[in-house]
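# Topology and contacts: notes
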Amino acid sequence: MRLNSLAFRLFATSAAWVLLVLPIAGIIIYQLYRDDLQQSFDARLEKLVNSIAVDSMMGSGHEPIAPKNRYEPLFEDPRSGWYWQITPVEQQAAAPTLRSVSLGDTPIALPVRNGVKPDADGARWMNAVGPGSEGIRMVEVIDGPDPLGKGPRYSVIVAGPIDWLDSRLANFMTRLSVALFLTGVGLVTVTLFQVRFGLLPLRRIEQ
């Protein structure tokens with residue numbers, strides 16, 4: 001195939017188009033998957049924090065209790081990256097801070113004290129560094145055992161490891177790159193075959 005031939009021009013144009021479109025498609029697919037995975041992760045954290053808040057505020061007294069149902073087995077695994085914490089919002093409150101076994105004695109900074117604004121559902125989201133120097137994403141809701149909302153307020157936090165997201169994104173990116181590479185090789189090969197086969201009548205006329 002000569003560089004100045006019609007066949008080469010058709011092949012080069014088609015191959016360039018394939019090599020341009022596939023990376024763009026890969027970026028769009030990756031971003032959509034990342035957004036979906038982030039929403040799924042946040043929804044899981046929000047479900048856990050709401051469940052723990054309800055369980056902990058249903059005691060007979062004016063102080064929260066440790067939730068009976070832990071909902072996530074990794075809450076019992078030290079430094080697992082999955083944590084829950086219940087802390088009085090008012091620092092002068094005498095109620096103790098309740099923490100998951102995974103968190104140990106290391107406190108988690110409260111988003112409400114860091115000036116984080118709540119979303120439309122009243123939850124505060126913040127990324128921070130966990131007790132094991134790992135990245136964590138946390139959600140906080142403010143609740144209290146008093147049904148009228150007149151008693152002391154408590155910060156209920158659930159945190160999950162950001163590595164959970166990163167590892168799944170890295171695995172997906174690897175599979176997506178391999179799939180797009182094989183697709184590109186296949187399309188370029190088919191394009192080459194189509195150009196050579198489609199131009200056979202012109203080659204015969206030229207001969």
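You'll find the structure just up there.
The following paragraphs examine the structure supplied in this document. Within every chain, residues take consecutive numbers counted from 1 along the sequence as written. In keeping with the model being predicted, local features are shown solely for residues with a pLDDT of at least 70 and side-chain atom pairs are shown and tallied solely at 80 or more, while totals for entire chains, interfaces and linings include all residues. Side-chain numbers here rest on the full set of heavy atoms in the structure, without hydrogens or water.

### A look at the pairing of strand β3 (residues 124-129)
For two strands to pair, DSSP has to find at least two bridges joining them. Helical segments are the DSSP runs of H or I of at least four residues, strand segments are the runs of E of at least two, and each set is numbered from the N terminus. Examined bridge by bridge, β3 and strand β4 (residues 135-143) share six bridges and lie antiparallel to one another. Across the sheet, residue R124 finds its bridge partner in β4, namely E140. Between the end of β3 and the start of β4, which pair antiparallel, lie five residues, with S133 showing a positive phi angle near 65 degrees.

### Concerning the pattern of salt bridges
By convention in these notes, a salt bridge is any Lys or Arg side-chain nitrogen within 4 Å of a carboxyl oxygen on Asp or Glu. Scanning all chains against the criterion turns up three salt bridges. The residue R34 makes a salt bridge to D35 at a minimum N-O spacing of 3.9 Å. Overall, D35 belongs to the partly exposed group, its relative accessible area being 37%. Taking the shortest distance from any N to any O, the salt bridge between R44 and E72 comes out at 2.5 Å. You can see R44 sitting in helix α1 (residues 6-56) and its partner E72 sitting in the loop between α1 and β1 (83-88), a full 28 residues away along the chain. Categorising residues by exposure relies on relative accessible area from a 1.4 Å probe, with only protein chains included: less than 20% of the type maximum marks a residue as buried, more than 50% marks it as exposed, and the intermediate range marks it as partly exposed. On the basis of relative accessibility, which here comes to 32%, the residue R44 falls in the partly exposed class.

### Some details on the packing of aromatic side chains
Any Phe, Tyr or Trp ring, taking Trp's six-membered ring, that has another such ring centre within 6.5 Å forms a pair; planes under 30 degrees apart are called stacked, those over 60 apart edge-to-face, and the others tilted. Inspection of the entire model under this criterion finds three aromatic pairs. Ring geometry for F41 and W82: centres 5.8 Å apart, planes at 70 degrees, overall edge-to-face. Of this pair, F41 sits in helix α1 while W82 sits in the loop between α1 and β1; the two residues are 41 residues apart in sequence, bridging distant segments of the chain. Here W82 falls in the buried class, since its relative accessible area comes to 2%. A ring pair is formed by F41 and W164, whose centres lie 5.0 Å apart and whose planes are at 20 degrees; its orientation type is stacked. Note that F41 is positioned in helix α1 and W164 in helix α2 (residues 162-198), a separation of 123 residues in sequence. The two residues F41 and W164 agree in class, both being buried.

### Observations concerning the nonpolar core
Nonpolar side chains tend toward joint burial in soluble globular proteins. Residues grouped as a nonpolar core are buried Ala, Val, Leu, Ile, Met, Phe, Trp, Tyr and Cys residues, joined through side-chain atoms within 4.5 Å. Membership of the largest hydrophobic core comes to 23 residues, with the highest contact counts inside it found for I52, F75, W82, W84, I86, V156 and V158. Going through the elements one at a time, α1, β1, β4, β5 (154-161) and α2 are the ones with two or more residues in this core. With seven residues, α1 is the single largest residue contributor to this core. The residues touching I86, leaving out its near neighbours within four places in the chain, are I52, S56, M57, P64, I65, P67, P96, T97, L98, Y154, S155 and V156. I108, M126, M138 and I157 belong to the second largest nonpolar core, which has ten residues in total. By the convention used here, residues are in contact when the closest approach between their heavy atoms is within 4.5 Å.

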